Amino acid sequence: MKRVFSGIQPSGDLHLGNLLGALVNWSKMQEDNDAVYCVVDLHALTLPQEPDVLRKNTVELAQLLIAVGIDPERSTLFVQSQVPQHPQLAWLMECTVSYGELSRMTAFKDKSNRDTTKFVSAGLFTYPALQAADILLYDTDFVPVGDDQRQHVEITRDIAERFNSRYGETFVVPEHVIPEAGARVMDLQKPDRKMSKSEGESPGTVFVLEDPKKIEKKFKRAVTDSESDVRFDIAEKPGVSNLLSILSACTGEAPEDLASNYEQYGPLKTDTAEAVIELLRPIQARFAELQSDPAETQRLLRVGADKAQVVAGEVLARAKRNIGLLA
Ligand code: ATP
Ligand code: LTN
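None of these values were measured; they are calculated from a predicted model.

Thresholds, definitions, all that
Residues numbered from 1 in each chain as written. Chains lettered and ligands numbered in written order. Predicted model: local features only at pLDDT ≥ 70, side-chain atom pairs only at ≥ 80, totals over all residues. Heavy atoms only, no water. Near = heavy atom within 4 Å. Polar contact = N/O pair within 3.5 Å; in protein donor to acceptor, adjacent residues only side chain to side chain. Areas by Shrake-Rupley, 256 points an atom, 1.4 Å probe, with all protein chains shown as cover. Helix = DSSP H or I, 4+ residues; strand = E, 2+ residues; numbered from the N terminus. Nonpolar A, V, L, I, M, F, W, Y, C, P; charged D, E, K, R; others polar. Buried < 20%, exposed > 50% of the residue type's maximum accessible area, 1.4 Å probe, protein only. Pairing = 2+ DSSP bridges. Right-handed = clockwise from strand over helix to strand, strands pointing away. Arc of directions from axis to C-beta. Contact = heavy atoms within 4.5 Å. Axes fitted to C-alpha atoms, helices over the stretch in contact; angles between N-to-C directions. Parallel < 35°, antiparallel > 145°, perpendicular 65-115°, else oblique.

Asks: Explain the site of ligand 2 here, please?
Replies: The environment of ligand 2 is formed by 13 residues, the closest being Gln-9, Tyr-127, Gln-131, Asp-134 and Gln-149. Tyr-127 has a polar side-chain atom sitting 2.6 Å from an oxygen atom of ligand 2. Taking Gln-149, its side chain carries an N or O atom lying 3.1 Å from a nitrogen atom of ligand 2. Here ligand 2 loses 90% of its free accessible area of 360 Å² to cover by the protein chains. Residue assignment for the shell around ligand 2 shows that the elements contributing at least two residues are β1 (3-8) and α7 (122-136). At 4 residues, the largest contribution of residues to the shell around ligand 2 is made by α7. Its residues placed into classes, the shell around ligand 2 shows 6 nonpolar, 6 polar and 1 charged.

In structure tokens:
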């Protein structure tokens, strides 16, 4: 059986981009693979966190993952900081990646440049080394992610190949799995920017737990353009194409085919809002049930961490042995 691994940060409220770009595939891929899914709380520390908020977000994100369909009986679901092999292997990864390679990461450039007065932690810079550790610790074959993580999976492959060629066959070289529709959900107000959760409350971000009435409003006010024809053309019509991509991810129909059903923006907005609300309805209901018992979620996560440590311990021992550290 193939191994699947992916992670998500407890850095804010889950949005439609996370769901369509990553979590739909997480859920699908657990059917035929040995899936390992992780709430990457150590990654969230790259930006300053409020301790109580981080704790709450970590448990609630795990509950949301279960609500979306991740089955903790079938998949291994755990929190990164409860498996100490992650930061341990990350050091070996930091010593296998170069300063130049890390400097070329667009996610780092975006986040460190966004506000020049903000504190830029060293962790934000070395972040891909920890991500490589996450992935390589499980002999991962496939990594389901959104399009923005393409470069991070690529650098993970480079690190694995370099380590293998320096110290002998140690790591499986993983591949990304990026969905056809929904890989890059854009902000409804700024369709040239990806929908993002660390932006906070924004009229262009649709949250998984958002009230249906609010979702409807956000779609109604989505930025389109001054023309009126509906066609799928990301360069010329980013706003309209974003709506078609979202509708496509919800319905499974190609965005080009969907475009031919519409002559005006209004009905496209209404139908997209409706498809999204229907997709979210069962997730919201299931989350409400799970939320009432955080202790049970924490118990499940502990079980997941114990399961994860079995594999992570073996792979870390292999890496330590091959690089010349004492057992
Ligand atoms: P942040 O805004 O804090 O960087 P994020 O919203 O990008 O967070 P992450 O935890 O970094 O969320 O990502 C979780 C998963 O969701 C990743 O696989 C990522 O590729 C995917 N993802 C995030 N934003 C989008 C988006 N707008 N469209 C499609 N996939 C996305
Ligand atoms: N960097 C990712 C989150 C992440 C991840 C991972 C994704 C951390 N470790 C391992 C896939 C595999 C992000 O910010 N979206």
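Asks: What is the right way to look at the site of ligand 1 in this model?
Replies: Around ligand 1, 22 residues are found, and the nearest of them are His-15, Asp-148, Lys-194, Ser-196 and Lys-197. At 2.9 Å from an oxygen atom of ligand 1 is found a main-chain nitrogen or oxygen belonging to Gly-146. Between Val-185 and ligand 1, the recorded distance is 2.8 Å, taken from a backbone N or O atom to a nitrogen atom. In the complex, 96% of the free accessible area of ligand 1, which totals 600 Å², lies under the protein chains. It is helix α1 (residues 16-29) that provides the largest number of residues to the shell around ligand 1, a total of 4 residues. Here the residues of the shell around ligand 1 sort into 6 nonpolar, 11 polar and 5 charged.

Asks: Help me understand the pairing of strand β2 (residues 34-39), please; the structure alone is not making it clear to me.
Replies: Look at any regular strand and the pattern is simple: side chains alternate between the two faces of the sheet. The buried fraction of β2 amounts to 5 of the 6 residues, a majority that puts the element mostly inside the structure. Pairing analysis gives 6 bridges linking β1 to β2, with the strands arranged parallel. The partner of Gly-7 across the bridge, within β2, is Cys-38. Handedness of the crossover is the feature at issue here: the chain leaves β1, passes through α1, returns alongside β2, and the resulting connection is right-handed. Examined bridge by bridge, β2 and strand β3 (residues 76-79) share 4 bridges and lie parallel to one another. In the strand pairing of β3, Val-36 is matched with Thr-76.

Asks: Just checking my understanding: could you explain helix α9 (residues 212-220) for this structure?
Replies: In an α-helix, one turn spans 3.6 residues, which is why side chains three or four residues apart end up on the same side. Three or more residues of α9 are buried, namely Ile-215, Lys-218 and Phe-219. Along α9, the residues classed as buried sweep out an arc of 95° about the axis, all on the same side. In α9, the exposed positions that point more than 90 degrees away from the buried face belong to Lys-213 and Lys-220. Buried residues along α9 sit against α1, α10 (238-251) and α12 (265-291).

Asks: Please clarify how the packing of α1 against α12 should be interpreted in this entry.
Replies: Between α1 and α12, the least distance of the axes is 12 Å, while the angle of their chain directions is 85°. In this view, α1 runs roughly perpendicular relative to α12, as classed from their interaxial angle. Here Leu-16, Leu-19 and Leu-20 of α1 come into contact with α12, specifically with Val-276, Leu-279, Leu-280 and Ile-283. Across the contact of α1 with α12, the residue classes tally to 7 nonpolar, no polar and no charged.

Nothing here speaks to function; it is geometry throughout.
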